[in-house]
Amino acid sequence: MKSILKGPSRAIVSRAPARIDLAGGTVDIWPLYLFHSRAVTLNAAVGLSVRVRLVLAPGAGIRLEDGSTRAGRSWKSVGEMSRQRGLELYCRALEHFGIEDGLRIETTSDIPRGAGLAGSSALLVALCGALCKLTGLRLARESLVPLLRDIETRLIRVPAGLQDYYPALYGGVQALWWEAGRTRRERMLCSTKRLEERLLLVYTGVSRYSGANNWEVFKRHLDGSRPVRGSMQQIVEAARELHAALSQGDFCGAGAAMAREARARRRLFPGISTPLVQRLERELMRLGAGAVKVCGAGGGGCVLVYAEPEVKSSLMAVIRKRGLEVLPLRIANRGWVLHTEMALP
(Lines give C-alpha, C1' and ligand atoms only; values in the text may rest on other atoms or scores of the structure.)
Protein backbone atom coordinates (compact mmCIF):
# COMPACT_ATOMS: atom_id res chain seq x y z
CA MET A 1 0.00 0.00 0.00
CA LYS A 2 1.49 3.32 -1.11
CA SER A 3 0.84 5.91 1.58
CA ILE A 4 1.51 9.62 2.08
CA LEU A 5 2.29 8.88 5.75
CA LYS A 6 6.00 8.72 6.54
CA GLY A 7 5.90 5.60 8.69
CA PRO A 8 3.55 4.53 11.48
CA SER A 9 4.20 7.57 13.73
CA ARG A 10 1.49 9.67 12.06
CA ALA A 11 -2.28 9.24 12.02
CA ILE A 12 -4.98 10.60 9.71
CA VAL A 13 -8.05 11.94 11.51
CA SER A 14 -11.27 12.55 9.57
CA ARG A 15 -14.60 13.83 10.92
CA ALA A 16 -18.04 14.25 9.29
CA PRO A 17 -21.37 15.43 10.73
CA ALA A 18 -24.79 13.79 10.72
CA ARG A 19 -27.80 15.56 9.23
CA ILE A 20 -31.47 16.31 9.76
CA ASP A 21 -33.69 16.21 6.67
CA LEU A 22 -36.06 19.17 6.70
CA ALA A 23 -38.10 18.39 3.57
CA GLY A 24 -37.84 16.58 0.27
CA GLY A 25 -36.35 13.28 1.39
CA THR A 26 -36.64 10.16 -0.85
CA VAL A 27 -36.86 12.49 -3.87
CA ASP A 28 -33.05 12.29 -3.99
CA ILE A 29 -33.01 8.69 -5.27
CA TRP A 30 -32.25 8.49 -8.99
CA PRO A 31 -34.33 8.54 -11.17
CA LEU A 32 -37.33 9.52 -9.02
CA TYR A 33 -36.53 13.23 -9.10
CA LEU A 34 -36.66 13.22 -12.91
CA PHE A 35 -40.43 12.65 -12.72
CA HIS A 36 -41.03 15.81 -10.66
CA SER A 37 -40.36 19.31 -11.92
CA ARG A 38 -38.03 21.46 -9.78
CA ALA A 39 -37.43 18.68 -7.26
CA VAL A 40 -35.50 19.85 -4.22
CA THR A 41 -34.37 18.48 -0.86
CA LEU A 42 -33.54 20.64 2.15
CA ASN A 43 -31.35 19.39 4.99
CA ALA A 44 -28.88 20.60 7.60
CA ALA A 45 -25.71 19.24 9.14
CA VAL A 46 -25.85 18.88 12.92
CA GLY A 47 -23.26 18.71 15.71
CA LEU A 48 -23.48 14.93 16.10
CA SER A 49 -20.63 13.38 14.14
CA VAL A 50 -18.43 10.41 13.27
CA ARG A 51 -14.65 10.50 13.74
CA VAL A 52 -12.33 8.07 11.94
CA ARG A 53 -8.62 7.74 12.73
CA LEU A 54 -6.27 5.71 10.52
CA VAL A 55 -2.87 4.48 11.66
CA LEU A 56 -0.50 2.41 9.55
CA ALA A 57 0.34 -0.98 11.04
CA PRO A 58 3.02 -2.45 8.76
CA GLY A 59 3.19 -6.23 8.81
CA ALA A 60 -0.13 -6.48 10.69
CA GLY A 61 -3.62 -7.22 9.44
CA ILE A 62 -6.67 -4.99 9.86
CA ARG A 63 -7.69 -3.82 13.32
CA LEU A 64 -10.98 -2.04 14.04
CA GLU A 65 -11.24 -0.21 17.37
CA ASP A 66 -13.74 1.86 19.30
CA GLY A 67 -11.96 5.19 19.54
CA SER A 68 -13.37 5.83 23.03
CA THR A 69 -12.56 2.52 24.75
CA ARG A 70 -9.80 1.16 22.45
CA ALA A 71 -11.64 -2.16 22.50
CA GLY A 72 -11.65 -3.88 19.15
CA ARG A 73 -10.96 -6.89 16.94
CA SER A 74 -8.25 -7.81 14.49
CA TRP A 75 -8.23 -9.81 11.26
CA LYS A 76 -5.39 -11.03 9.07
CA SER A 77 -6.87 -9.34 6.02
CA VAL A 78 -9.92 -7.53 4.66
CA GLY A 79 -11.00 -10.84 3.14
CA GLU A 80 -11.14 -12.42 6.58
CA MET A 81 -12.83 -9.32 8.02
CA SER A 82 -15.54 -9.51 5.35
CA ARG A 83 -16.80 -12.78 6.84
CA GLN A 84 -17.85 -10.86 9.98
CA ARG A 85 -21.41 -9.55 9.68
CA GLY A 86 -22.02 -5.84 10.20
CA LEU A 87 -18.65 -4.68 8.86
CA GLU A 88 -19.54 -4.53 5.19
CA LEU A 89 -19.20 -0.73 4.99
CA TYR A 90 -15.57 -0.88 6.11
CA CYS A 91 -14.79 -3.81 3.82
CA ARG A 92 -16.34 -2.22 0.73
CA ALA A 93 -14.40 1.01 1.30
CA LEU A 94 -11.08 -0.76 1.96
CA GLU A 95 -11.54 -2.98 -1.09
CA HIS A 96 -12.22 0.03 -3.31
CA PHE A 97 -8.95 1.68 -2.24
CA GLY A 98 -7.01 -1.55 -2.69
CA ILE A 99 -6.14 -1.99 0.98
CA GLU A 100 -5.86 -5.55 2.21
CA ASP A 101 -3.93 -5.25 5.49
CA GLY A 102 -1.52 -3.11 7.52
CA LEU A 103 -4.04 -0.66 8.95
CA ARG A 104 -5.65 0.24 12.28
CA ILE A 105 -9.03 1.99 12.09
CA GLU A 106 -10.42 3.79 15.14
CA THR A 107 -14.03 4.97 14.96
CA THR A 108 -15.86 7.21 17.41
CA SER A 109 -19.50 8.26 16.96
CA ASP A 110 -22.08 10.15 18.99
CA ILE A 111 -24.85 9.39 16.48
CA PRO A 112 -27.38 6.81 17.77
CA ARG A 113 -27.47 3.71 15.60
CA GLY A 114 -30.43 3.58 13.21
CA ALA A 115 -31.49 7.12 14.15
CA GLY A 116 -32.34 8.28 10.62
CA LEU A 117 -29.62 10.94 10.81
CA ALA A 118 -27.46 9.48 8.02
CA GLY A 119 -24.87 8.14 10.45
CA SER A 120 -23.69 5.48 7.99
CA SER A 121 -23.24 8.12 5.29
CA ALA A 122 -21.26 10.33 7.69
CA LEU A 123 -19.08 7.32 8.53
CA LEU A 124 -18.56 6.58 4.84
CA VAL A 125 -17.60 10.22 4.14
CA ALA A 126 -15.12 10.27 7.04
CA LEU A 127 -13.67 6.86 6.15
CA CYS A 128 -13.34 7.41 2.39
CA GLY A 129 -12.00 10.91 2.92
CA ALA A 130 -9.30 9.51 5.20
CA LEU A 131 -8.52 6.69 2.75
CA CYS A 132 -8.14 9.23 -0.07
CA LYS A 133 -5.56 11.05 2.03
CA LEU A 134 -3.85 7.81 3.04
CA THR A 135 -3.45 6.62 -0.55
CA GLY A 136 -2.61 10.03 -1.99
CA LEU A 137 -5.78 10.19 -4.11
CA ARG A 138 -6.89 13.79 -4.68
CA LEU A 139 -10.64 14.13 -5.17
CA ALA A 140 -12.77 17.25 -4.93
CA ARG A 141 -15.67 16.96 -2.48
CA GLU A 142 -18.21 16.94 -5.29
CA SER A 143 -16.27 14.13 -7.01
CA LEU A 144 -16.58 11.99 -3.89
CA VAL A 145 -20.40 11.87 -4.15
CA PRO A 146 -20.69 9.26 -6.97
CA LEU A 147 -18.11 7.07 -5.23
CA LEU A 148 -19.94 7.25 -1.91
CA ARG A 149 -23.28 6.54 -3.61
CA ASP A 150 -21.94 3.47 -5.39
CA ILE A 151 -20.23 2.02 -2.31
CA GLU A 152 -23.40 2.48 -0.27
CA THR A 153 -25.59 1.00 -3.01
CA ARG A 154 -23.40 -2.12 -3.02
CA LEU A 155 -23.72 -2.20 0.74
CA ILE A 156 -27.51 -1.85 1.12
CA ARG A 157 -28.28 -3.65 -2.18
CA VAL A 158 -30.93 -1.11 -3.19
CA PRO A 159 -30.50 2.31 -4.85
CA ALA A 160 -28.96 4.85 -2.47
CA GLY A 161 -30.11 8.45 -2.33
CA LEU A 162 -27.73 11.37 -2.67
CA GLN A 163 -28.85 13.93 -0.09
CA ASP A 164 -26.97 12.44 2.89
CA TYR A 165 -23.48 13.05 1.55
CA TYR A 166 -23.82 16.82 1.06
CA PRO A 167 -24.31 17.91 4.70
CA ALA A 168 -21.54 15.51 5.75
CA LEU A 169 -19.20 17.02 3.14
CA TYR A 170 -20.16 20.69 3.29
CA GLY A 171 -22.06 21.39 6.53
CA GLY A 172 -24.68 24.11 7.01
CA VAL A 173 -28.28 24.34 5.79
CA GLN A 174 -28.66 23.60 2.12
CA ALA A 175 -31.09 23.09 -0.72
CA LEU A 176 -30.22 20.38 -3.21
CA TRP A 177 -31.87 20.89 -6.59
CA TRP A 178 -32.07 17.61 -8.52
CA GLU A 179 -31.62 18.52 -12.18
CA ALA A 180 -31.00 16.34 -15.22
CA GLY A 181 -27.28 15.65 -15.39
CA ARG A 182 -26.30 17.45 -12.18
CA THR A 183 -27.10 18.32 -8.58
CA ARG A 184 -27.15 22.05 -7.83
CA ARG A 185 -26.25 22.74 -4.22
CA GLU A 186 -27.50 26.00 -2.73
CA ARG A 187 -26.21 27.13 0.64
CA MET A 188 -29.19 28.59 2.51
CA LEU A 189 -28.44 31.93 4.12
CA CYS A 190 -31.24 31.79 6.69
CA SER A 191 -30.49 32.42 10.37
CA THR A 192 -29.29 29.10 11.76
CA LYS A 193 -29.85 30.42 15.29
CA ARG A 194 -33.53 31.14 14.64
CA LEU A 195 -33.93 27.75 13.00
CA GLU A 196 -32.21 25.92 15.89
CA GLU A 197 -34.49 27.70 18.38
CA ARG A 198 -37.50 26.06 16.74
CA LEU A 199 -36.25 22.48 16.48
CA LEU A 200 -36.26 19.49 18.82
CA LEU A 201 -34.63 16.19 17.89
CA VAL A 202 -36.24 13.21 19.62
CA TYR A 203 -34.75 9.71 19.59
CA THR A 204 -37.41 7.00 19.91
CA GLY A 205 -34.89 4.32 20.89
CA VAL A 206 -36.13 2.12 18.05
CA SER A 207 -33.59 1.48 15.30
CA ARG A 208 -34.75 1.23 11.71
CA TYR A 209 -33.40 0.11 8.33
CA SER A 210 -33.91 2.85 5.75
CA GLY A 211 -33.34 0.68 2.70
CA ALA A 212 -36.56 -1.33 3.10
CA ASN A 213 -38.97 1.63 3.18
CA ASN A 214 -37.14 3.49 0.41
CA TRP A 215 -37.05 0.41 -1.80
CA GLU A 216 -40.81 -0.11 -1.50
CA VAL A 217 -41.46 3.54 -2.36
CA PHE A 218 -38.97 3.31 -5.23
CA LYS A 219 -40.61 0.24 -6.75
CA ARG A 220 -44.15 1.55 -6.42
CA HIS A 221 -43.18 4.90 -7.91
CA LEU A 222 -41.57 3.29 -10.97
CA ASP A 223 -44.54 0.92 -11.30
CA GLY A 224 -46.71 4.02 -11.73
CA SER A 225 -48.60 3.95 -8.41
CA ARG A 226 -50.79 7.06 -8.43
CA PRO A 227 -50.94 7.37 -4.61
CA VAL A 228 -47.13 7.14 -4.33
CA ARG A 229 -46.49 9.55 -7.19
CA GLY A 230 -49.13 11.93 -5.83
CA SER A 231 -47.60 11.89 -2.35
CA MET A 232 -44.13 12.39 -3.79
CA GLN A 233 -45.34 15.40 -5.76
CA GLN A 234 -46.79 16.87 -2.55
CA ILE A 235 -43.42 16.31 -0.83
CA VAL A 236 -41.68 18.17 -3.66
CA GLU A 237 -44.14 21.08 -3.43
CA ALA A 238 -43.78 21.27 0.35
CA ALA A 239 -39.99 21.31 0.00
CA ARG A 240 -40.23 24.20 -2.45
CA GLU A 241 -42.50 26.03 0.01
CA LEU A 242 -39.94 25.48 2.78
CA HIS A 243 -37.19 26.80 0.54
CA ALA A 244 -39.20 29.97 -0.15
CA ALA A 245 -40.05 30.46 3.54
CA LEU A 246 -36.45 30.06 4.74
CA SER A 247 -35.18 32.30 1.94
CA GLN A 248 -37.54 35.04 3.16
CA GLY A 249 -36.92 34.49 6.88
CA ASP A 250 -40.54 33.38 7.31
CA PHE A 251 -40.19 30.88 10.15
CA CYS A 252 -43.95 30.57 10.67
CA GLY A 253 -44.28 29.57 7.02
CA ALA A 254 -41.36 27.19 7.41
CA GLY A 255 -43.24 25.28 10.12
CA ALA A 256 -46.34 25.04 7.93
CA ALA A 257 -44.29 23.72 5.01
CA MET A 258 -42.63 21.08 7.21
CA ALA A 259 -46.06 20.00 8.52
CA ARG A 260 -47.34 19.61 4.96
CA GLU A 261 -44.27 17.56 4.05
CA ALA A 262 -44.76 15.34 7.11
CA ARG A 263 -48.40 14.63 6.17
CA ALA A 264 -47.45 13.74 2.60
CA ARG A 265 -44.64 11.50 3.85
CA ARG A 266 -47.01 9.52 6.07
CA ARG A 267 -49.21 8.84 3.04
CA LEU A 268 -46.22 7.77 0.97
CA PHE A 269 -45.81 4.35 2.61
CA PRO A 270 -47.41 2.78 5.74
CA GLY A 271 -44.06 1.72 7.27
CA ILE A 272 -42.73 5.28 7.45
CA SER A 273 -44.64 6.18 10.62
CA THR A 274 -45.21 4.00 13.70
CA PRO A 275 -47.91 3.92 16.40
CA LEU A 276 -45.43 5.43 18.87
CA VAL A 277 -44.64 8.35 16.56
CA GLN A 278 -48.32 8.87 15.75
CA ARG A 279 -49.27 9.08 19.44
CA LEU A 280 -46.37 11.44 20.13
CA GLU A 281 -47.34 13.62 17.17
CA ARG A 282 -50.97 13.96 18.30
CA GLU A 283 -49.92 14.95 21.80
CA LEU A 284 -47.26 17.44 20.71
CA MET A 285 -49.50 19.05 18.10
CA ARG A 286 -52.19 19.58 20.76
CA LEU A 287 -49.59 21.42 22.84
CA GLY A 288 -48.65 23.77 20.02
CA ALA A 289 -46.01 22.02 17.90
CA GLY A 290 -45.99 23.29 14.32
CA ALA A 291 -44.74 20.06 12.73
CA VAL A 292 -43.66 16.57 13.74
CA LYS A 293 -41.85 14.55 11.07
CA VAL A 294 -39.86 11.34 11.04
CA CYS A 295 -36.20 11.58 10.07
CA GLY A 296 -34.87 9.66 7.12
CA ALA A 297 -37.01 6.80 5.86
CA GLY A 298 -38.88 6.43 9.17
CA GLY A 299 -40.00 3.19 10.76
CA GLY A 300 -38.19 4.21 13.97
CA GLY A 301 -35.14 6.32 14.66
CA CYS A 302 -35.51 10.06 15.30
CA VAL A 303 -38.40 12.48 15.06
CA LEU A 304 -37.87 16.16 14.25
CA VAL A 305 -40.23 18.57 16.02
CA TYR A 306 -40.73 22.15 14.83
CA ALA A 307 -42.20 24.58 17.38
CA GLU A 308 -42.02 28.20 18.45
CA PRO A 309 -39.51 28.75 21.28
CA GLU A 310 -42.16 29.60 23.89
CA VAL A 311 -43.76 26.13 23.75
CA LYS A 312 -40.61 24.02 23.55
CA SER A 313 -40.27 23.51 27.31
CA SER A 314 -43.78 22.02 27.60
CA LEU A 315 -43.09 19.77 24.61
CA MET A 316 -39.83 18.56 26.13
CA ALA A 317 -41.63 17.68 29.37
CA VAL A 318 -44.08 15.44 27.47
CA ILE A 319 -41.29 13.84 25.45
CA ARG A 320 -39.27 12.98 28.55
CA LYS A 321 -42.36 11.76 30.40
CA ARG A 322 -42.74 9.19 27.63
CA GLY A 323 -39.17 8.05 28.31
CA LEU A 324 -37.83 9.38 25.02
CA GLU A 325 -34.50 11.15 24.61
CA VAL A 326 -34.07 14.71 23.39
CA LEU A 327 -30.78 14.81 21.51
CA PRO A 328 -28.62 17.96 21.40
CA LEU A 329 -29.29 19.85 18.19
CA ARG A 330 -26.82 22.40 16.90
CA ILE A 331 -26.50 23.19 13.21
CA ALA A 332 -22.91 22.53 12.14
CA ASN A 333 -21.77 25.11 9.61
CA ARG A 334 -18.67 23.09 8.78
CA GLY A 335 -18.70 19.71 7.09
CA TRP A 336 -15.99 17.10 6.62
CA VAL A 337 -12.61 18.02 8.12
CA LEU A 338 -9.32 16.15 7.99
CA HIS A 339 -5.88 16.50 9.57
CA THR A 340 -2.84 14.45 10.58
CA GLU A 341 -1.48 14.03 14.10
CA MET A 342 1.02 11.98 16.05
CA ALA A 343 -0.04 8.36 16.42
CA LEU A 344 -0.20 6.72 19.82
CA PRO A 345 1.29 3.21 20.09
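Further up the page is the structure itself.
The structure displayed is predicted, hence computed values, not measured ones.

Reading the values: the criteria
Residues numbered from 1 in each chain as written. Predicted model: local features only at pLDDT ≥ 70, side-chain atom pairs only at ≥ 80, totals over all residues. Heavy atoms only, no water. Phe/Tyr/Trp six-rings, centres within 6.5 Å; stacked < 30°, edge-to-face > 60°. Helix = DSSP H or I, 4+ residues; strand = E, 2+ residues; numbered from the N terminus. Buried < 20%, exposed > 50% of the residue type's maximum accessible area, 1.4 Å probe, protein only. Contact = heavy atoms within 4.5 Å. Pairing = 2+ DSSP bridges. Axes fitted to C-alpha atoms, helices over the stretch in contact; angles between N-to-C directions. Core = buried A, V, L, I, M, F, W, Y, C linked by side-chain atoms within 4.5 Å.

A.B. asks: Provide a residue-level description of the packing of aromatic side chains, including the pertinent values.
C.D. replies: Within the structure shown, the criterion is met by four aromatic pairs. Ring geometry for Tyr166 against Trp178: centres 6.5 Å apart, planes inclined by 70 degrees, an arrangement best described as edge-to-face. Highlighted residues: Tyr166 in helix H5 (residues 165-170) and Trp178 in strand S6 (residues 173-179), separated in sequence by twelve residues. For the residue pair Tyr166 and Trp178, the accessibility class agrees, reading buried in each case.

A.B. asks: Outline the environment of Val311, listing residues and values.
C.D. replies: By secondary structure assignment, the location of Val311 is in the loop between strand S10 (302-306) and helix H11 (312-321). We classify Val311 as buried; its relative accessible area is 19%. A sequence separation of 44 residues divides Val311 from Arg267, and the C-alpha atoms of the two residues are 28 Å apart. Ignoring anything within four residues of it in the chain, the contact list for Val311 reads Leu287 and Gly288.

A.B. asks: I'd like to hear about the sheet that holds strand S11 (residues 325-327), residue by residue, with values.
C.D. replies: Hydrogen bonding along the main chain pairs the strands of a sheet, whether they run parallel or antiparallel. Strand order in the open sheet formed by four strands is S9-S10-S8-S11, and the pairing between neighbours is antiparallel. Taken across any chain shown, the strands that pair with only one partner, and hence form the sheet edges, are strand S9 (291-294) and S11. Neighbouring strand axes in the sheet, compared pairwise and without regard to direction, differ in orientation by 30 degrees on average. Across five bridges, strand S8 (residues 199-203) lies against S10 in antiparallel orientation. Looking at S10, one finds that Leu200 is bridged to Val305. Lying over the sheet, helix H9 (residues 251-268) contacts S9 and S10, oriented at roughly 45 degrees with respect to S9.

A.B. asks: Describe the nonpolar core, listing the residues and the values that go with them.
C.D. replies: Core analysis: the biggest nonpolar cluster contains 119 residues, and Ile20, Leu54, Leu103, Leu117, Leu131 and Leu201 have the highest contact counts within it. Among the elements that take part in this core, helix H3 (residues 119-135) stands out by supplying eleven residues, more than any other. When sequence neighbours within four positions are dropped, the list of residues in contact with Leu117 reads Ala18, Arg19, Ile20, Leu48, Ile111, Leu201, Cys295, Cys302 and Leu327.

A.B. asks: Quick rundown of the pairing of strand S2 (residues 40-56)? Include the residues and the values.
C.D. replies: The element S2 is extensively covered by neighbouring structure, given that 15 of its 17 residues are classed as buried. With eleven bridges joining them, strand S1 (residues 10-23) and S2 adopt antiparallel strand pairing. Note that in S2 the partner of Ile20 across the bridge is Ala44. Relative to S6, S2 is paired through five bridges, and the arrangement is antiparallel. Bridge pairing links Leu42 to Ala175 in S6. Of the pairings in the sheet, the one linking S2 to strand S5 (residues 103-109) comprises seven bridges and is antiparallel in character. Within S5, the position partnered with Arg53 by the bridge is Glu106.

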